[in-house]
Amino acid sequence: MTSTLTSRLAIAALTASFAVVTTSVEAETLRWARAGDSLTLDPHAQNEGPTHTLAHQIYEGLLQRDMAGEIIPALATDWAVTDDPKVWRFNLRQGVKFHGGEEFTADDAVFSLKRAMKPTSAMKELLASVADVRKVDDYTVDIETVGPNPLLPNNLTNMFMVDEGWTTANDAVEPQDVANGGENYLVRNTNGTGAFMMVSRAPDEKTVLKANPDYWGKGEFPLEVTEIIYTPIQNSATRVAALLSGEVDFIQDVPVQDLERADAQEGLKVVKAPQNRTIFFGMNMGDSDITADNVEGKNPLADVRVRKAMNMAINREAIQKVVMRGQSDPTGVIIPPFVNGWTAELAAYPTPDIAAAKAMMADAGYADGFAIRLDCPNDRYINDEAICQAAVGMLGQIGVTVNLNAQPKAQHFPLIKNKETDFYMLGWGVPPFDSEYVFNFLVHSTTDKYGSWNGTRYSNAEIDALVVSLATETDTEKRNLAINKIWETVQSEQLYLPIHNQILNWGMKDNINFDVQPEDQPHFKFMTFSN
Amino acid sequence: MLAFVIRRVLQALGVLLVVGFISFCMFQFMGDPVEGLLGQEATEEQRRELIERLGLEDPIPVQFVRFVGNAVQGDFGLSYRLARPVSELILERLPATLELAFVSAIIAMALGIVLGVFTAINRSGFAANFIMTASLIGVSLPTFLIGILLIYVFSVQLGWLPSFGRGETVEFFGWRSNLGSWDGLRSILLPAITLGLYQMTLIMRLVRAEMLEVLRQDYIRFARARGLSERAVNFGHALKNTLVPVVTVTGLQLGSIIAFAIVTESVFQWPGVGFLFIRSVEFVDVPVMAAYLLLIGALFVVINLIVDLLYFVIDPRLRSDRAGSH
């Protein structure tokens, strides 16, 4: 009896250990779906989320963001500013091979960065501050910027490395010219250093990747996924159905109304995290009279008391609860929490107080309120039109009669760019994770280089100078002080009416362990499975 | 005959031009493709450059004439979204749509005729009444709802059929087909039923009405009196005489099956031309939209032309008119 028990235990232990061994080498195929497909395989031809996501599996940059959004080394092992504050030095990883067997060296890094700076590249804006890229030795590269650039590494997270020999031999030194319908070898063929290699691809249908057997990151990353089958499913109901029926294992872009259902279903879960995108309203405060209102001869939005009153009238928690079904993070500032410059103080928002807001309106001379048109997209952000509808009711309580004009994004965004709207909704992401990016586009007055999305017409020479100074200030402490000062002005002037940060949801099988990445970029080399 | 054909072809070309011009005017209200092409970080200078290159600042008639001029030479321009020649994109996706339309037409015909005959013969039976009532669903529910309903039942609840995509495809002489593999057949079933349901009910009701009409006729009574079997009477004599209008209607419906595949394709992520069109609308991809609308316009025009020619063949009065004018 005892002996049989022991032998049974031994067998059980043996099978268990076998099981462990087999699972670790077992092929784990991941079937993955999201709304859109990658637009091109040329890693420098498009600066767009789904395109980068696919590229990140195949190609790598000198550095990358991990699943928490932190910058980690990839093809460079370390980097630092040299004695010359305009020069960054990158030490490259040695012994890395491309999928085609070519070795990765400084020549490839220099070639790739220069390729990304060419006129047909979509990544060139991120490298606008770069004056020159130089090879120091086989595994060292210097990047010289026009002025000191403390944020250079933040701009390199999606800057992929290609092999010089392979790219040149296939006549693809120039990135694909998307605007002119250009085509090159790299649009359909890949040769990266990444954890996965291309097996087959039918655009908009199906892409199959398999694990790279010679990946340098073995031991450093889990690398449990051995095959990826990627199918874009544009219709959200179909996408959720595919997850519920078990035809896919992992989906991005779970629609808000289906979250609970997907989460409740046995064997599935939904993982959430704040997204790198804040939703807010912008107001034309700069013009002396505006066309979207019913007030003649003056602009009610030019009065800071009106803007403060409107800010106070918006009940962010009600929007979170009713419109977003809890899937938002109400905020009082137009950047998400992980962006440099964010503080809890900035993100604090006023408790809605209709009486106080009305008093401020009366103070400003608008006791009877006014009417204004609100321009809103209806296919860009999560529940965008519903948020605007909620705001219409809230602002109505303080006498601001809002006429909602909700339309598709292709019609909405030109209104902001062309300064044809006086009150609008906008959402903004911060890819470099630093406030400077927001200031450049949304706070600096509109000039050829800055403020292209600043629909508020706000123009303050002192703030503009401060914004410009951020680009070259290498003293982190001084720089952060300046950032803080700009935010104080933005908040006291109530330049924008922040609503909330969007929340990202990924739906997946229960046995998948995967955190939501704030940029909505899954890096599958980090994915693990529990059996 | 030749003059008639030439006249009809010229009329058809006129229709196509009008379709093209109207759609071109509508595109102006769809928004600005430049935003989508350049992204939020583009500078003013890049915007100006792109607008100039795409010729978007020219007046609509100028853009239209340029489009027609190129289209006549078979050049439909480049897709803004995918940066590839539009004709290539459409040709690549057309087989998927045609196959889906073909399979759904077959299903609609087969089921429609069988059920139509059944309900006509067993007019007052419980099953027939049930089928007639249930067929109202096919007529009254919108396609996307039927699609989602089918996905819910057959994919999510029962897990029998895939909910999206084409599955495995097999290539025959460069034509990627779903009909060559088990997985492909499983994948095409739900979208084909969704697309064909309306046509099926239509054919069923048409066959039923025609059958009821025919079954009342004397020759059926005589056939019965001669002691022919029920099967021979119903299928050999009655059904044959109901098929002429059915074939006409099915032919005409084929055009709308292809054109209205848009909804079905986007519900089932079917990589056909309709799905391409929907994506293009979201992106304001004018060249693709224009080419697609022209294609659908041409399809309808061609089908109508064929029908007109058939009438010409069938109806002797059309011919004698012409002969009389000599």
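Residues numbered from 1 in each chain as written. Chains lettered and ligands numbered in written order. Predicted model: local features only at pLDDT ≥ 70, side-chain atom pairs only at ≥ 80, totals over all residues. Heavy atoms only, no water.

Notes on the overall build of chain B
Alright, step 1. Looking only at helices and strands, chain B has 14 helices and 2 strands in total.
Alright, step 2. Along the first, second and third principal axes, the C-alpha atoms of chain B reach 85 × 70 × 40 Å.
Alright, step 3. For chain B, the proportion of its 326 residues judged to be buried stands at 44%.
Alright, step 4. When contacts within chain B are restricted to residue pairs at least 6 apart in sequence, long-range pairs at least 24 apart make up 69% of them.
Alright, step 5. Accessible area for chain B stands at about 16,800 Å²; split by element, carbon and sulfur atoms hold 69% of it.
Alright, step 6. Of the side chains in chain B, 25 bear a positive and 26 a negative charge, and the two mean positions are spaced by 15 Å. (Helix = DSSP H or I, 4+ residues; strand = E, 2+ residues; numbered from the N terminus. Buried < 20%, exposed > 50% of the residue type's maximum accessible area, 1.4 Å probe, protein only. Contact = heavy atoms within 4.5 Å. Areas by Shrake-Rupley, 256 points an atom, 1.4 Å probe, with all protein chains shown as cover. Lys, Arg positive; Asp, Glu negative; His and termini not counted. Charge placed at Lys NZ, Arg CZ, Asp CG, Glu CD.)

Structural notes on a nonpolar patch on the surface
All names here are of chain B.
Alright, step 1. Side chains of Leu 2, Ile 6, Val 9, Leu 10 and Leu 13 sit close together on the surface and give an oily, nonpolar patch of about 480 Å² of accessible area.
Alright, step 2. Within the fold, Val 9 resides in helix H1 (residues 2-27).
Alright, step 3. Take Val 9: its relative accessible area is 34%, and that puts it in the partly exposed class. (Patch = residues over 30% accessible without salt bridge, like charges linked within 9 Å, V, L, I, M, F, W, Y side chains within 5 Å. Salt bridge = Lys/Arg side-chain N within 4 Å of Asp/Glu carboxyl O.)

Observations regarding the domain arrangement of chain A
All names here are of chain A.
Alright, step 1. By the assigned domains, chain A splits into domain 1 (3-267 + 510-529) and domain 2 (275-503).
Alright, step 2. Here the C-alpha centre of domain 2 lies 34 Å away from the C-alpha centre of domain 1.
Alright, step 3. Between domain 1 and domain 2, the contact holds 14 residues from the first and 19 residues from the second.
Alright, step 4. Together domain 1 and domain 2 conceal approximately 1,300 Å² of surface at their shared face, both sides included; 66% is due to carbon and sulfur atoms.
Alright, step 5. Taken together, domain 1 and domain 2 are joined by 0 salt bridges.
Alright, step 6. Our count for the domain 1 to domain 2 interface comes out at 3 residue pairs in polar contact (both at pLDDT 80 or more).
Alright, step 7. By residue class, the composition of the side of domain 1 that touches domain 2 is 6 nonpolar, 6 polar and 2 charged. (Domains from an automatic or database assignment. Buried area = accessible area lost by both parts, 1.4 Å probe. Polar contact = N/O pair within 3.5 Å; in protein donor to acceptor, adjacent residues only side chain to side chain. Nonpolar A, V, L, I, M, F, W, Y, C, P; charged D, E, K, R; others polar.)

Quick word on the interface of chain B and chain A
Alright, step 1. At the junction of the two partners, chain B supplies 41 residues and chain A supplies 47 residues.
Alright, step 2. When chain B packs against chain A, close to 3,600 Å² is buried across both sides, 47% of that on carbon and sulfur atoms.
Alright, step 3. Our enumeration of links across chain B and chain A arrives at 1 salt bridge.
Alright, step 4. The salt bridge partner of Arg 93 of chain B is Asp 204 of chain A, with a shortest N-O separation of 3.3 Å.
Alright, step 5. Among the secondary structure elements, those contributing two or more residues to the side of chain B that touches chain A are helix H3 (44-54), helix H5 (86-121), helix H7 (143-157), helix H11 (261-267) and helix H12 (273-283) of chain B.
Alright, step 6. In terms of residue class, the side of chain B that touches chain A is built from 18 nonpolar, 8 polar and 15 charged.

Re the confidence of the model for chain A
Alright, step 1. When pLDDT is averaged along chain A, the result is 89, and 95% of the positions lie at 70 or above.
Alright, step 2. With pLDDT under 50 throughout, residues 1-7 of chain A is counted as low confidence; its partners more than four residues away or in other chains account for 0 contacts. (pLDDT = per-residue confidence, 0-100.)

Looking at the sheet that holds strand E7 (residues 140-145) of chain A
All names here are of chain A.
Alright, step 1. With antiparallel pairing, 4 strands are arranged side by side in an open sheet as E4-E5-E7-E6. For this open sheet the edge positions go to strand E4 (76-81) and strand E6 (130-137), each flanked by a neighbour on one side alone. If you compare each strand with its neighbour and ignore which way they point, the axes differ by 20° on average.
Alright, step 2. Pairing geometry for strand E5 (residues 87-92) and E7, over 5 bridges, is antiparallel. The residue of E7 that forms the bridge with Asn 91 is Thr 140.
Alright, step 3. Helix-sheet contacts for helix H3 (residues 106-116) involve E5, E6 and E7, and the interaxial angle to E6 is about 170°. (Pairing = 2+ DSSP bridges. Axes fitted to C-alpha atoms, helices over the stretch in contact; angles between N-to-C directions.)

A word on the nonpolar core
Residues and elements named next belong to chain A.
Alright, step 1. Within the largest apolar cluster, 70 residues are counted, with the highest numbers of intra-cluster contacts made by Phe 281, Met 310, Phe 423, Leu 426, Leu 442 and Trp 487.
Alright, step 2. Ignoring any residue separated from it by four or fewer positions in sequence, one finds Met 310 in contact with Met 283, Leu 301, Leu 395, Ile 398, Val 400, Phe 423 and Leu 497.
Alright, step 3. Grouped together as the second largest cluster of nonpolar side chains are 63 residues, Ala 106, Ala 109, Val 110 and Leu 127 included. (Core = buried A, V, L, I, M, F, W, Y, C linked by side-chain atoms within 4.5 Å.)

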